[in-house]
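Descriptive structure summary
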Amino acid sequence: MTSMPCETPTDAQTLRNLVLRFISHSNYMQVNCRPIVSTFAGESCTFGHENASEGWDSEFVGHPDLQGKIRFVPSFFIDPSTFRSFNNVMDGDFNWNSGWPTHVTTDFIRDLISDDPVEDVLSFLATTSSTNPVSAIDLSLCSVQNTLNQIIGSPESDWKHVQNLATISERISSRDSTSKPTYMAAVSPWFFTHYGEDSYDKNFIYLSDQHLYLKRWESLIATRNQVDIVQILTWNDYGESHYIGPIKGAQPNSQSWVNGMNHTGWLELTAYYAMAFKTGSFPGIEKDKIFMWSRIHPTHATAPDPVGRPTNFELVSYPYFFCLQPAYMFESSLKMLSGP
């Protein structure tokens, strides 16, 4: 809803018309025999009413055009403890930000180690190995690494949303005889965006290292009895760099960090993990595969533009990331050399 107006009843009519145009298509996704409709934001949309809850109820979910015809699972960016304020509207919740550890910022790291520069912390994370001597500072930095290992891919955010959805399950049941709200989680391989104040004015990253994509999938598979749907963020959002589909079509002025950066290796990995989520069992591997991805510039690189380094750039390390899928289990070693 960040790109569509939602202040008047006419705005709601436009949105209803868009939904009605597609929900009868045979390929449209359904949950409990109803087409699922979601959003990005919308928690402030009033459609001309006193508040957002009334607006969504009167002009969308409860409007005669759509009443009883859809399952509304929005991504409202609100505290999950306030879901009850939308209990006349929500049939579930899409937890968009669960795809990344969005709370891990440079300040978060700084709070973990208040006496050491952030640059030293993240330099250690990028270069540490079992052969490094352990000093007093290394021990404290190891604690940061251990904390990050627990956070990356964690389902903690999911639990908060699922638990608070339970508080509106009775209301949902009274509407459509469904006792369980729909919970949709997110999984994403990356996040980088680099727009200046003269365009979209967003220049930041979310931490995506430490094999985020794999660990998040594995976490969701392990808790699949609590997660109804997983949405992959995204197929083609080039501006935020988390696309897994091919680079084709128009871009939102993101060519400088997208062109030449093929992400379809993640698409093949997605097929493997998505099957495991759907069935509860990982599919067999018929051919040895190695997936590798990395950044092509070091952490402290400066782009030749006036935008500046992205917020939280200090979080990123500069290693290569690997995923090895052997068709047969055997003892092996992988050696990689980097440099001239």
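Residues numbered from 1 in each chain as written. Predicted model: local features only at pLDDT ≥ 70, side-chain atom pairs only at ≥ 80, totals over all residues. Heavy atoms only, no water.

Considering the overall build of the chain
Regarding its fold elements, the chain presents ten helices and ten strands. Every one of the 340 residues in the chain was classed for burial, and the buried ones make up 43%. Counting every atom, the chain has about 18300 Å² of accessible surface; 52% of that belongs to carbon and sulfur. (Helix = DSSP H or I, 4+ residues; strand = E, 2+ residues; numbered from the N terminus. Buried < 20%, exposed > 50% of the residue type's maximum accessible area, 1.4 Å probe, protein only. Areas by Shrake-Rupley, 256 points an atom, 1.4 Å probe, with all protein chains shown as cover.)

What to know about the packing of aromatic side chains
Following the criterion strictly, the structure yields 28 aromatic pairs and no others. Ring centres 4.4 Å apart and planes at 45° place the aromatic pair Phe191 and Tyr206 in the tilted group. Of this pair, Phe191 sits in the loop between strand 5 (182-187) and strand 6 (192-194) while Tyr206 is found in the loop between strand 7 (203-205) and helix 8 (212-222), placing the two residues 15 residues apart along the sequence. For the residue pair Phe191 and Tyr206, the accessibility class agrees, reading buried in each case. An aromatic cluster of at least three residues, connected via ring pairs, comprises Trp190, Tyr213, Trp217, Trp266, Tyr272, Tyr273, Phe282, Trp293 and Phe321. (Phe/Tyr/Trp six-rings, centres within 6.5 Å; stacked < 30°, edge-to-face > 60°.)

Notes on helix 8
Most of helix 8 sits out of view: eight of its eleven residues are buried. Taken residue by residue, helix 8 has Leu212, Tyr213, Leu214, Arg216, Trp217, Ser219, Leu220 and Ile221 as its buried positions. On its buried side, helix 8 packs onto helix 6 (156-165), strand 5, strand 8 (229-232), helix 10 (264-279), strand 9 (289-294) and strand 10 (320-325). (Contact = heavy atoms within 4.5 Å.)

Some details on the sheet that holds strand 8
Pairing is parallel across the open sheet formed by three strands, whose spatial order is 4-5-8. The sheet is open, and its two edges are formed by strand 4 (92-94) and strand 8, each paired on a single side. Taken pair by pair, the neighbouring strands of this sheet meet at an average axis angle of 20°, ignoring direction. Where strand 4 lies against strand 5, three bridges are found, and the strand directions are parallel. In the strand pairing of strand 5, Asp93 is matched with Tyr183. Strand contacts of helix 8: strand 5 and strand 8, with the helix running at about 160° to strand 5, the strand carrying the most contacts. (Pairing = 2+ DSSP bridges. Axes fitted to C-alpha atoms, helices over the stretch in contact; angles between N-to-C directions.)

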